[in-house]
Amino acid sequence: MPLTDTAIRAAKPSTKPVRLFDGEGLYLEVSPNGGKWWRLKYRHGGKEKRLSLGTYPDTGLKAARERRDEARRLLADGIDPSAARQAEKARAKAATEHHFKAVALAWLQHRAAAWRERTVEMHRSSFERDVFPKIGARQINEILPADVRQIVQAVEARGAGEAAIRIFQRLRAVFRYAVAHELVAADPTYPLKPSEIFKPRRVTHRAAMPAKELPTFLTQLDAYQGQPGTCEALRLLLLTAVRPEEQREARWAEFDLEHALWRIPAERMKMGREHLVPLSLQAVAVIERMRPLSGAGELVFPSPFYPGKPLSENTLNSALARMGYKGAHTAHGFRSVFSTAANEGGWNPDVIERHLAHLERNQVRGAYNRAQHLEDRRELMQAWADYLDAIRQRGKVFPFKPQSSMRARATLGQFEQPAA
(Lines give C-alpha, C1' and ligand atoms only; values in the text may rest on other atoms or scores of the structure.)
Protein backbone atom coordinates (compact mmCIF):
# COMPACT_ATOMS: atom_id res chain seq x y z
CA MET A 1 0.00 0.00 0.00
CA PRO A 2 1.46 3.38 -0.98
CA LEU A 3 2.64 5.70 1.79
CA THR A 4 0.74 8.82 2.87
CA ASP A 5 1.99 11.97 4.61
CA THR A 6 -0.09 11.02 7.63
CA ALA A 7 1.59 7.63 7.90
CA ILE A 8 5.03 9.18 7.49
CA ARG A 9 4.43 11.78 10.23
CA ALA A 10 3.06 9.08 12.55
CA ALA A 11 6.06 6.77 12.08
CA LYS A 12 7.97 6.30 15.34
CA PRO A 13 11.59 5.17 15.82
CA SER A 14 12.43 1.77 17.24
CA THR A 15 15.55 0.08 18.53
CA LYS A 16 16.26 -0.98 14.95
CA PRO A 17 15.75 0.86 11.64
CA VAL A 18 12.10 0.73 10.46
CA ARG A 19 11.35 0.63 6.71
CA LEU A 20 8.06 1.91 5.29
CA PHE A 21 7.68 0.93 1.62
CA ASP A 22 5.90 3.09 -0.97
CA GLY A 23 6.34 1.09 -4.20
CA GLU A 24 8.76 0.47 -7.12
CA GLY A 25 11.70 0.25 -4.72
CA LEU A 26 11.05 3.49 -2.82
CA TYR A 27 10.89 3.31 0.97
CA LEU A 28 11.32 5.54 4.01
CA GLU A 29 13.83 4.39 6.62
CA VAL A 30 13.25 5.59 10.19
CA SER A 31 16.48 5.39 12.19
CA PRO A 32 16.58 4.68 15.96
CA ASN A 33 17.44 8.34 16.61
CA GLY A 34 14.31 9.49 14.79
CA GLY A 35 15.82 10.52 11.44
CA LYS A 36 13.76 9.70 8.34
CA TRP A 37 15.62 8.89 5.09
CA TRP A 38 14.25 8.20 1.62
CA ARG A 39 15.93 5.23 -0.07
CA LEU A 40 15.58 3.54 -3.44
CA LYS A 41 16.33 -0.15 -3.73
CA TYR A 42 17.24 -1.23 -7.26
CA ARG A 43 19.32 -3.71 -9.23
CA HIS A 44 21.98 -2.84 -11.81
CA GLY A 45 24.55 -5.11 -13.39
CA GLY A 46 23.15 -8.08 -11.47
CA LYS A 47 23.73 -6.40 -8.08
CA GLU A 48 21.27 -4.99 -5.57
CA LYS A 49 22.04 -1.37 -4.67
CA ARG A 50 20.69 1.48 -2.55
CA LEU A 51 20.37 5.16 -3.48
CA SER A 52 19.66 7.95 -0.99
CA LEU A 53 16.94 10.36 -2.16
CA GLY A 54 16.95 12.86 0.73
CA THR A 55 15.50 13.27 4.21
CA TYR A 56 11.98 13.88 5.43
CA PRO A 57 10.49 16.49 5.85
CA ASP A 58 13.03 18.43 3.71
CA THR A 59 12.15 16.07 0.88
CA GLY A 60 8.42 15.39 0.88
CA LEU A 61 6.62 12.31 -0.44
CA LYS A 62 5.91 13.87 -3.84
CA ALA A 63 9.54 14.96 -4.35
CA ALA A 64 10.82 11.53 -3.28
CA ARG A 65 8.58 9.82 -5.88
CA GLU A 66 9.82 12.22 -8.57
CA ARG A 67 13.44 11.39 -7.71
CA ARG A 68 12.58 7.68 -7.79
CA ASP A 69 10.99 8.02 -11.21
CA GLU A 70 14.03 9.91 -12.55
CA ALA A 71 16.35 7.18 -11.24
CA ARG A 72 14.22 4.47 -12.86
CA ARG A 73 14.36 6.33 -16.21
CA LEU A 74 18.15 6.20 -15.98
CA LEU A 75 17.98 2.49 -15.23
CA ALA A 76 15.76 1.97 -18.27
CA ASP A 77 18.56 3.57 -20.35
CA GLY A 78 21.14 1.25 -18.82
CA ILE A 79 22.60 3.92 -16.54
CA ASP A 80 23.37 3.30 -12.88
CA PRO A 81 21.75 6.26 -11.03
CA SER A 82 24.35 6.03 -8.25
CA ALA A 83 27.21 6.32 -10.78
CA ALA A 84 25.37 9.19 -12.50
CA ARG A 85 25.13 11.04 -9.18
CA GLN A 86 28.84 10.55 -8.49
CA ALA A 87 29.67 11.91 -11.95
CA GLU A 88 27.51 14.95 -11.28
CA LYS A 89 29.30 15.54 -7.97
CA ALA A 90 32.64 15.30 -9.77
CA ARG A 91 31.48 17.89 -12.31
CA ALA A 92 30.36 20.17 -9.49
CA LYS A 93 33.73 19.74 -7.77
CA ALA A 94 35.53 20.52 -11.00
CA ALA A 95 33.46 23.68 -11.27
CA THR A 96 35.14 24.93 -8.09
CA GLU A 97 38.62 23.40 -8.46
CA HIS A 98 39.24 24.08 -12.15
CA HIS A 99 38.40 27.74 -12.36
CA PHE A 100 41.27 29.81 -13.66
CA LYS A 101 42.38 31.24 -10.32
CA ALA A 102 42.77 27.80 -8.75
CA VAL A 103 44.79 26.51 -11.71
CA ALA A 104 46.99 29.62 -11.82
CA LEU A 105 47.76 29.31 -8.11
CA ALA A 106 48.51 25.60 -8.57
CA TRP A 107 50.96 26.48 -11.36
CA LEU A 108 52.54 29.14 -9.15
CA GLN A 109 52.97 26.64 -6.32
CA HIS A 110 54.47 24.15 -8.77
CA ARG A 111 57.06 26.71 -9.91
CA ALA A 112 57.78 28.17 -6.46
CA ALA A 113 60.54 25.67 -5.68
CA ALA A 114 62.64 27.08 -8.53
CA TRP A 115 62.07 30.77 -7.77
CA ARG A 116 62.93 33.27 -5.10
CA GLU A 117 60.07 34.18 -2.76
CA ARG A 118 59.84 37.72 -4.10
CA THR A 119 59.55 36.37 -7.67
CA VAL A 120 56.60 34.21 -6.64
CA GLU A 121 54.98 37.17 -4.91
CA MET A 122 55.52 39.39 -7.97
CA HIS A 123 53.76 36.82 -10.18
CA ARG A 124 50.91 36.44 -7.68
CA SER A 125 50.44 40.20 -7.42
CA SER A 126 50.24 40.64 -11.19
CA PHE A 127 47.53 37.96 -11.37
CA GLU A 128 45.59 39.52 -8.47
CA ARG A 129 45.74 42.96 -10.07
CA ASP A 130 45.23 42.31 -13.78
CA VAL A 131 43.91 38.78 -14.36
CA PHE A 132 41.82 37.32 -11.52
CA PRO A 133 39.25 40.15 -11.47
CA LYS A 134 38.43 39.36 -15.12
CA ILE A 135 38.72 35.58 -15.53
CA GLY A 136 39.66 34.22 -12.11
CA ALA A 137 36.20 32.76 -11.39
CA ARG A 138 35.69 31.29 -14.85
CA GLN A 139 36.27 27.67 -15.78
CA ILE A 140 39.67 27.37 -17.39
CA ASN A 141 38.29 25.38 -20.33
CA GLU A 142 35.86 28.22 -21.14
CA ILE A 143 38.52 30.90 -21.61
CA LEU A 144 39.02 32.00 -25.23
CA PRO A 145 41.93 33.68 -27.06
CA ALA A 146 39.86 36.89 -27.09
CA ASP A 147 39.77 36.88 -23.27
CA VAL A 148 43.55 36.66 -23.08
CA ARG A 149 44.00 39.36 -25.72
CA GLN A 150 41.66 41.75 -23.92
CA ILE A 151 43.49 41.28 -20.61
CA VAL A 152 46.97 42.00 -21.92
CA GLN A 153 45.87 44.83 -24.20
CA ALA A 154 44.17 46.52 -21.25
CA VAL A 155 47.49 46.43 -19.37
CA GLU A 156 49.32 47.79 -22.40
CA ALA A 157 46.73 50.59 -22.79
CA ARG A 158 47.63 52.06 -19.41
CA GLY A 159 51.22 52.47 -20.58
CA ALA A 160 52.65 49.28 -19.07
CA GLY A 161 53.88 47.57 -22.23
CA GLU A 162 56.59 45.53 -20.49
CA ALA A 163 54.14 44.35 -17.83
CA ALA A 164 51.63 43.35 -20.54
CA ILE A 165 54.19 41.13 -22.23
CA ARG A 166 55.19 39.50 -18.94
CA ILE A 167 51.54 38.82 -18.05
CA PHE A 168 51.00 37.27 -21.48
CA GLN A 169 53.98 34.98 -20.86
CA ARG A 170 52.59 33.97 -17.46
CA LEU A 171 49.15 33.26 -18.91
CA ARG A 172 50.76 31.08 -21.56
CA ALA A 173 52.66 29.18 -18.87
CA VAL A 174 49.46 28.59 -16.86
CA PHE A 175 47.62 27.20 -19.88
CA ARG A 176 50.53 24.94 -20.79
CA TYR A 177 50.40 23.62 -17.22
CA ALA A 178 46.64 23.07 -17.62
CA VAL A 179 47.17 21.17 -20.89
CA ALA A 180 49.85 18.99 -19.28
CA HIS A 181 47.45 18.10 -16.45
CA GLU A 182 44.54 17.44 -18.83
CA LEU A 183 42.46 20.32 -17.49
CA VAL A 184 42.04 21.80 -20.97
CA ALA A 185 42.28 20.26 -24.42
CA ALA A 186 43.93 23.27 -26.07
CA ASP A 187 45.95 26.32 -25.07
CA PRO A 188 43.96 29.49 -25.94
CA THR A 189 47.17 31.55 -26.03
CA TYR A 190 48.62 29.42 -28.84
CA PRO A 191 46.96 31.32 -31.74
CA LEU A 192 48.08 34.67 -30.29
CA LYS A 193 51.35 36.13 -31.50
CA PRO A 194 52.83 39.02 -29.48
CA SER A 195 53.67 40.92 -32.68
CA GLU A 196 49.98 40.85 -33.64
CA ILE A 197 48.41 41.80 -30.30
CA PHE A 198 50.91 44.34 -28.98
CA LYS A 199 51.83 47.67 -30.50
CA PRO A 200 55.31 47.94 -32.04
CA ARG A 201 57.69 49.55 -29.59
CA ARG A 202 61.29 50.53 -29.27
CA VAL A 203 63.24 48.48 -26.72
CA THR A 204 65.00 50.68 -24.18
CA HIS A 205 67.89 49.04 -22.38
CA ARG A 206 69.07 50.07 -18.92
CA ALA A 207 71.13 53.21 -19.13
CA ALA A 208 74.88 52.65 -19.06
CA MET A 209 77.69 55.14 -19.46
CA PRO A 210 79.98 54.92 -22.51
CA ALA A 211 83.58 53.91 -21.82
CA LYS A 212 84.85 57.45 -22.44
CA GLU A 213 83.01 58.56 -19.27
CA LEU A 214 84.97 56.17 -17.02
CA PRO A 215 87.83 58.58 -16.10
CA THR A 216 85.38 61.28 -14.99
CA PHE A 217 83.16 58.79 -13.19
CA LEU A 218 86.04 57.20 -11.26
CA THR A 219 87.20 60.65 -10.13
CA GLN A 220 83.66 61.54 -9.00
CA LEU A 221 83.29 58.23 -7.19
CA ASP A 222 86.53 58.81 -5.27
CA ALA A 223 85.27 62.28 -4.29
CA TYR A 224 81.74 61.13 -3.36
CA GLN A 225 80.64 62.60 -0.02
CA GLY A 226 77.61 60.37 0.61
CA GLN A 227 77.26 57.30 2.81
CA PRO A 228 80.53 55.28 2.80
CA GLY A 229 78.63 51.99 2.37
CA THR A 230 76.86 53.34 -0.73
CA CYS A 231 80.17 54.42 -2.25
CA GLU A 232 81.78 51.03 -1.57
CA ALA A 233 78.73 49.23 -2.98
CA LEU A 234 79.12 51.15 -6.25
CA ARG A 235 82.84 50.33 -6.34
CA LEU A 236 82.18 46.61 -5.85
CA LEU A 237 79.49 46.60 -8.54
CA LEU A 238 81.97 48.07 -11.00
CA LEU A 239 84.72 45.64 -9.95
CA THR A 240 82.58 42.48 -10.03
CA ALA A 241 79.87 43.23 -12.65
CA VAL A 242 77.27 41.27 -10.67
CA ARG A 243 73.59 42.27 -10.74
CA PRO A 244 72.69 44.93 -8.16
CA GLU A 245 70.07 42.68 -6.53
CA GLU A 246 72.69 39.94 -6.09
CA GLN A 247 75.10 42.32 -4.34
CA ARG A 248 72.63 44.32 -2.24
CA GLU A 249 71.65 41.24 -0.22
CA ALA A 250 75.21 39.89 0.10
CA ARG A 251 75.96 38.19 3.43
CA TRP A 252 79.32 38.09 5.14
CA ALA A 253 79.08 34.29 5.25
CA GLU A 254 79.21 34.16 1.44
CA PHE A 255 82.74 35.58 1.22
CA ASP A 256 85.87 33.47 1.39
CA LEU A 257 88.53 36.17 1.40
CA GLU A 258 91.32 33.64 1.95
CA HIS A 259 90.58 32.32 -1.54
CA ALA A 260 89.26 35.66 -2.85
CA LEU A 261 85.93 34.10 -3.74
CA TRP A 262 82.30 35.13 -3.36
CA ARG A 263 79.74 32.32 -3.46
CA ILE A 264 76.28 33.72 -4.31
CA PRO A 265 73.54 31.18 -3.41
CA ALA A 266 71.12 29.95 -6.05
CA GLU A 267 68.07 31.59 -4.45
CA ARG A 268 69.50 35.05 -5.15
CA MET A 269 70.53 34.33 -8.73
CA LYS A 270 68.28 35.17 -11.68
CA MET A 271 68.88 31.73 -13.22
CA GLY A 272 68.43 29.90 -9.91
CA ARG A 273 71.95 28.46 -9.95
CA GLU A 274 74.80 29.11 -7.48
CA HIS A 275 77.35 31.54 -8.88
CA LEU A 276 81.03 31.86 -7.96
CA VAL A 277 82.56 35.32 -8.27
CA PRO A 278 86.38 35.53 -8.20
CA LEU A 279 87.45 38.68 -6.40
CA SER A 280 90.28 40.91 -7.51
CA LEU A 281 92.69 42.36 -4.94
CA GLN A 282 90.80 45.65 -5.26
CA ALA A 283 87.45 43.92 -4.63
CA VAL A 284 88.85 42.19 -1.54
CA ALA A 285 89.99 45.61 -0.31
CA VAL A 286 86.42 46.95 -0.70
CA ILE A 287 85.06 44.08 1.38
CA GLU A 288 87.69 44.65 4.04
CA ARG A 289 86.79 48.35 4.21
CA MET A 290 83.16 47.37 4.85
CA ARG A 291 84.07 45.19 7.83
CA PRO A 292 84.23 47.99 10.44
CA LEU A 293 81.02 49.46 8.96
CA SER A 294 78.82 46.35 8.88
CA GLY A 295 80.89 43.36 10.02
CA ALA A 296 78.88 43.01 13.23
CA GLY A 297 75.73 42.21 11.25
CA GLU A 298 74.66 39.67 8.64
CA LEU A 299 74.50 41.98 5.61
CA VAL A 300 77.60 43.43 4.00
CA PHE A 301 75.67 46.41 2.59
CA PRO A 302 72.82 47.20 5.00
CA SER A 303 70.51 50.14 4.46
CA PRO A 304 71.76 53.27 6.24
CA PHE A 305 68.16 53.98 7.26
CA TYR A 306 66.89 50.46 8.08
CA PRO A 307 69.90 48.46 9.35
CA GLY A 308 68.10 45.13 9.24
CA LYS A 309 67.33 45.52 5.54
CA PRO A 310 69.67 45.56 2.54
CA LEU A 311 70.72 48.66 0.68
CA SER A 312 68.11 49.49 -1.97
CA GLU A 313 68.84 49.79 -5.67
CA ASN A 314 67.12 53.16 -5.55
CA THR A 315 69.77 54.32 -3.07
CA LEU A 316 72.50 53.35 -5.54
CA ASN A 317 70.76 55.03 -8.45
CA SER A 318 70.14 58.14 -6.37
CA ALA A 319 73.86 58.34 -5.61
CA LEU A 320 74.60 58.08 -9.34
CA ALA A 321 72.06 60.85 -9.98
CA ARG A 322 73.79 63.11 -7.47
CA MET A 323 77.02 62.52 -9.38
CA GLY A 324 75.34 63.78 -12.52
CA TYR A 325 74.28 60.49 -14.13
CA LYS A 326 70.50 60.68 -13.73
CA GLY A 327 68.98 59.04 -16.81
CA ALA A 328 72.45 58.35 -18.20
CA HIS A 329 73.63 55.48 -16.00
CA THR A 330 72.15 53.00 -13.52
CA ALA A 331 73.59 50.55 -11.03
CA HIS A 332 72.73 47.71 -13.41
CA GLY A 333 74.60 49.53 -16.17
CA PHE A 334 78.00 48.55 -14.71
CA ARG A 335 77.49 45.10 -16.21
CA SER A 336 77.15 46.64 -19.64
CA VAL A 337 80.26 48.78 -19.14
CA PHE A 338 82.30 45.68 -18.23
CA SER A 339 80.80 43.46 -20.95
CA THR A 340 81.35 46.03 -23.70
CA ALA A 341 84.96 46.70 -22.71
CA ALA A 342 85.84 43.01 -22.34
CA ASN A 343 84.19 41.91 -25.60
CA GLU A 344 85.64 44.78 -27.61
CA GLY A 345 89.04 44.12 -26.05
CA GLY A 346 89.09 40.54 -27.33
CA TRP A 347 88.61 38.55 -24.13
CA ASN A 348 87.15 35.03 -24.41
CA PRO A 349 83.34 35.45 -24.87
CA ASP A 350 82.66 32.20 -22.98
CA VAL A 351 84.57 33.51 -19.96
CA ILE A 352 82.75 36.85 -20.10
CA GLU A 353 79.30 35.25 -20.37
CA ARG A 354 80.04 32.77 -17.60
CA HIS A 355 81.15 35.58 -15.33
CA LEU A 356 77.96 37.52 -16.09
CA ALA A 357 75.98 34.37 -15.16
CA HIS A 358 74.12 34.39 -18.46
CA LEU A 359 72.20 31.24 -19.42
CA GLU A 360 73.90 29.26 -22.19
CA ARG A 361 71.25 28.33 -24.76
CA ASN A 362 73.45 25.79 -26.52
CA GLN A 363 73.33 22.67 -24.32
CA VAL A 364 76.73 21.36 -25.40
CA ARG A 365 78.42 24.70 -24.74
CA GLY A 366 76.42 25.02 -21.53
CA ALA A 367 77.75 21.72 -20.21
CA TYR A 368 81.30 22.86 -20.96
CA ASN A 369 80.79 26.30 -19.44
CA ARG A 370 79.49 24.85 -16.19
CA ALA A 371 83.13 24.11 -15.42
CA GLN A 372 82.95 27.76 -14.24
CA HIS A 373 86.09 28.95 -16.13
CA LEU A 374 87.16 29.98 -12.61
CA GLU A 375 90.86 30.50 -13.24
CA ASP A 376 90.18 32.33 -16.52
CA ARG A 377 87.58 34.50 -14.81
CA ARG A 378 89.94 35.27 -11.95
CA GLU A 379 92.51 36.52 -14.47
CA LEU A 380 89.82 38.52 -16.29
CA MET A 381 88.50 40.25 -13.16
CA GLN A 382 91.96 41.10 -11.81
CA ALA A 383 92.86 42.54 -15.22
CA TRP A 384 89.58 44.52 -15.18
CA ALA A 385 90.36 45.97 -11.74
CA ASP A 386 93.90 46.88 -12.83
CA TYR A 387 92.49 48.43 -16.01
CA LEU A 388 90.18 50.67 -13.97
CA ASP A 389 93.13 51.74 -11.79
CA ALA A 390 95.13 52.58 -14.91
CA ILE A 391 92.27 54.68 -16.30
CA ARG A 392 92.06 56.56 -12.99
CA GLN A 393 95.82 57.24 -13.06
CA ARG A 394 96.07 58.17 -16.74
CA GLY A 395 92.82 60.08 -16.92
CA LYS A 396 91.89 58.50 -20.24
CA VAL A 397 90.45 55.31 -21.73
CA PHE A 398 92.44 52.79 -23.76
CA PRO A 399 91.61 49.27 -25.09
CA PHE A 400 91.05 46.57 -22.46
CA LYS A 401 93.26 43.85 -23.96
CA PRO A 402 93.95 40.40 -22.46
CA GLN A 403 97.66 41.17 -22.27
CA SER A 404 97.05 44.50 -20.53
CA SER A 405 97.66 43.24 -16.98
CA MET A 406 100.67 41.23 -15.86
CA ARG A 407 99.45 41.36 -12.26
CA ALA A 408 96.28 39.47 -13.28
CA ARG A 409 98.29 36.38 -14.16
CA ALA A 410 100.59 36.79 -11.18
CA THR A 411 97.60 37.01 -8.87
CA LEU A 412 96.35 33.58 -9.92
CA GLY A 413 99.11 31.92 -7.94
CA GLN A 414 98.25 33.78 -4.73
CA PHE A 415 94.99 31.96 -4.12
CA GLU A 416 94.67 28.22 -3.66
CA GLN A 417 91.50 27.18 -5.45
CA PRO A 418 88.75 25.99 -3.04
CA ALA A 419 86.53 23.03 -3.77
CA ALA A 420 83.68 24.05 -6.10
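The structure reproduced in this document is the subject of the present report.

Cut-offs used in this document
- Throughout, residues of each chain are indexed from 1 in the direction in which the sequence is written.
- The predicted nature of this model means local features are confined to residues of pLDDT at least 70 and side-chain atom pairs, given and counted, to a pLDDT of 80 or more, with totals for whole chains, interfaces and linings taken over all residues.
- Side-chain descriptors were evaluated using all non-hydrogen atoms of the structure, hydrogens and water having been removed beforehand.
- Secondary structure is summarised from DSSP: a helix means a run of H or I of at least four residues, a strand means a run of E of at least two, and numbering begins at the N terminus for each.
- The classification of residues rests on relative accessible area computed with a 1.4 Å probe and restricted to protein chains. Under 20% of the type maximum is buried, over 50% is exposed, and intermediate values are partly exposed.
- Here a residue-residue contact requires only that any non-hydrogen atoms of the pair lie within 4.5 Å.
- Residue exposure ignores everything except the shown protein chains as possible cover, and the areas themselves are Shrake-Rupley values with a 1.4 Å probe.
- The directions from the helix axis to the C-beta atoms are what the arc is built from.
- Only one rule defines a salt bridge in this text: a Lys or Arg side-chain nitrogen within 4 Å of an Asp or Glu carboxyl oxygen.
- Here, axes are lines fitted to C-alpha atoms. For helices the fit covers the stretch in contact, and angles between N-to-C directions go from 0 to 180 degrees.
- Convention used here: angles under 35 degrees read as roughly parallel, angles over 145 as roughly antiparallel, angles from 65 to 115 as roughly perpendicular, and any remaining angle as oblique.
- For this scheme, ten residues count as nonpolar: Ala, Val, Leu, Ile, Met, Phe, Trp, Tyr, Cys and Pro. Four count as charged, namely Asp, Glu, Lys and Arg, and the remainder, Gly too, count as polar.
- Strands pair, by our definition, only if DSSP identifies at least two bridges between them.
- Only buried residues count toward a nonpolar core. Its members are Ala, Val, Leu, Ile, Met, Phe, Trp, Tyr and Cys residues joined through side-chain atoms within 4.5 Å.
- Think of it this way: a Phe, Tyr or Trp ring, Trp meaning its six-membered ring, pairs with another when their centres are within 6.5 Å, and the plane angle makes it stacked under 30 degrees, edge-to-face over 60, tilted otherwise.
- Over a ring means this: the NZ of a Lys or the CZ of an Arg is within 6 Å of the ring centre and within 35 degrees of the ring normal.
- To estimate how far a helix should reach, multiply one less than its number of residues by 1.5 Å.

### Notes on the overall build of the chain
Next up, step 1: Helices and strands together make up the secondary structure of the chain, namely 19 helices and seven strands.
Next up, step 2: Split into buried and exposed, the 420 residues of the chain put 43% on the buried side.
Next up, step 3: Across the chain, contacts joining residues at least 24 apart in sequence account for 58% of those joining residues at least 6 apart.
Next up, step 4: Roughly 23000 Å² of accessible area belongs to the chain as shown, and the carbon and sulfur atoms make up 52% of that amount.

### Here's the deal with helix α10 (residues 214-222)
Next up, step 1: Looking only at α10, the buried set comprises Leu 214, Pro 215, Phe 217, Leu 218 and Leu 221. One face of α10 carries all of its buried residues, which in axial projection span an arc of 165 degrees.
Next up, step 2: Those residues of α10 that are buried are in contact with α11 (228-240), α14 (313-325), α15 (333-345) and α18 (374-394).

### Here's the deal with the pattern of salt bridges
Next up, step 1: This structure, assessed with the given rule, holds 23 salt bridges.
Next up, step 2: Ionic pairing is found between Arg 73 and Glu 70, a salt bridge with its closest N-O pair at 2.9 Å. Of this pair, Arg 73 and Glu 70 both sit in helix α2 (residues 61-76), separated by three residues, roughly a single helical turn.
Next up, step 3: Note on Glu 70: relative accessible area 38%, which makes it partly exposed.

### Describing the environment of Asp 256
Next up, step 1: Position of Asp 256 among the secondary structure elements: in strand β5 (residues 255-256).
Next up, step 2: Look at Asp 256 and you get partly exposed, because its relative accessible area is 26%.

### Regarding the packing of helix α5 (residues 117-130) against helix α8 (residues 161-180)
Next up, step 1: Taken N-terminus to C-terminus, the directions of α5 and α8 make an angle of 100 degrees; their axes are 11 Å apart at the nearest point. Looking at the two axes, α5 sits roughly perpendicular to α8. Contacts between α5 and α8 involve Met 122, His 123, Ser 126, Phe 127 and Asp 130 from the first element and Ile 167, Arg 170, Leu 171 and Val 174 from the second.
Next up, step 2: Per-class residue counts for the contact of α5 with α8 are five nonpolar, two polar and two charged.

### With respect to the pairing of strand β1 (residues 18-23)
Next up, step 1: In this sheet, strand β2 (residues 26-30) lies alongside β1 in antiparallel orientation, the contact comprising five bridges. Bridged to Arg 19 within β2 is Glu 29.
Next up, step 2: Taking the residues between adjacent antiparallel strands as the criterion, β1 and β2 are bridged by two residues, where Glu 24 takes a positive phi near 55 degrees.

### Observations concerning the environment of Pro 32
Next up, step 1: Mapped onto the fold, Pro 32 is located in the loop between β2 and β3 (36-44).
Next up, step 2: What makes Pro 32 partly exposed here is its relative accessible area of 43%.
Next up, step 3: Taking the C-alpha atoms as reference, Pro 32 lies 8.8 Å from Lys 12; in sequence the two are 20 residues apart.

### Focus: the nonpolar core
Next up, step 1: With 60 residues, the main nonpolar core has Phe 217, Trp 262, Leu 279, Phe 338, Leu 380, Trp 384 and Phe 400 as its most contacted residues.
Next up, step 2: Where this core is concerned, the elements lending two or more residues are α10, α11, β6 (261-264), α13 (281-294), α14, α15, α16 (349-355) and α18.
Next up, step 3: Tallying contributions element by element places α18 first for this core, with nine residues.
Next up, step 4: If we skip the residues at most four places from it in the chain, Leu 279 touches Thr 240, Phe 255, Leu 257, Ala 260, Leu 261, Trp 262, Val 284 and Arg 378.
Next up, step 5: Core analysis: the next-biggest nonpolar cluster, separate from the first, contains 29 residues, Val 120, Ile 135, Val 148 and Phe 198 among them.

### Quick notes on the packing of aromatic side chains
Next up, step 1: The final tally for this structure, using the stated rule, is 16 aromatic pairs.
Next up, step 2: When the ring of Tyr 387 is compared with that of Phe 400, the centres are 4.9 Å apart and the planes differ by 35 degrees; the resulting orientation is tilted. Linking Tyr 387 in helix α18 with Phe 400 in the loop between α18 and α19 (406-412), this pair joins segments that are 13 residues apart in sequence.
Next up, step 3: For Tyr 387, a relative accessible area of 5% gives the class buried.
Next up, step 4: For Phe 400, a relative accessible area of 1% corresponds to the buried category.
Next up, step 5: Members of the aromatic cluster, connected to one another through ring pairs, are Phe 338, Trp 347, Trp 384, Tyr 387, Phe 398 and Phe 400.
Next up, step 6: The ring of Tyr 306 is capped by Lys 309, whose NZ or CZ atom sits 5.8 Å from the centre of that ring.

### Describing the sheet that holds β5
In sheet architecture, strand pairing relies on hydrogen bonds along the backbone and comes in two forms, parallel and antiparallel.
Next up, step 1: With antiparallel pairing, three strands are arranged side by side in an open sheet as β5-β6-β7. The open sheet has two edge strands, β5 and β7 (275-278), and neither has a second partner.

### Remarks on unusual backbone geometry
Next up, step 1: Here the residue pair Tyr 56 and Pro 57 is connected by a cis peptide bond, since its omega of 15 degrees sits within 30 degrees of zero.
Next up, step 2: At Glu 24, a residue that is not glycine, the phi angle is positive and equals roughly 55 degrees.
Next up, step 3: When you line up the elements, Glu 24 lands in the loop between β1 and β2.
Next up, step 4: Glu 24 sits in the partly exposed class, given a relative accessible area of 48%.

### Let's talk about α15
Next up, step 1: With 13 residues, α15 extends 18 Å from end C-alpha to end C-alpha; this agrees with the ideal 18 Å at 1.5 Å per step.
Next up, step 2: Of all the residues in α15, the buried ones are Gly 333, Phe 334, Arg 335, Val 337, Phe 338, Ser 339, Ala 341, Ala 342 and Gly 345.
Next up, step 3: Turning to α15, the residues buried within the fold contact α10, α11, α14, α16 and α18.
Next up, step 4: Looking one or two residues past α15, Gly 346 carries a phi angle of roughly 95 degrees, positive in sign.

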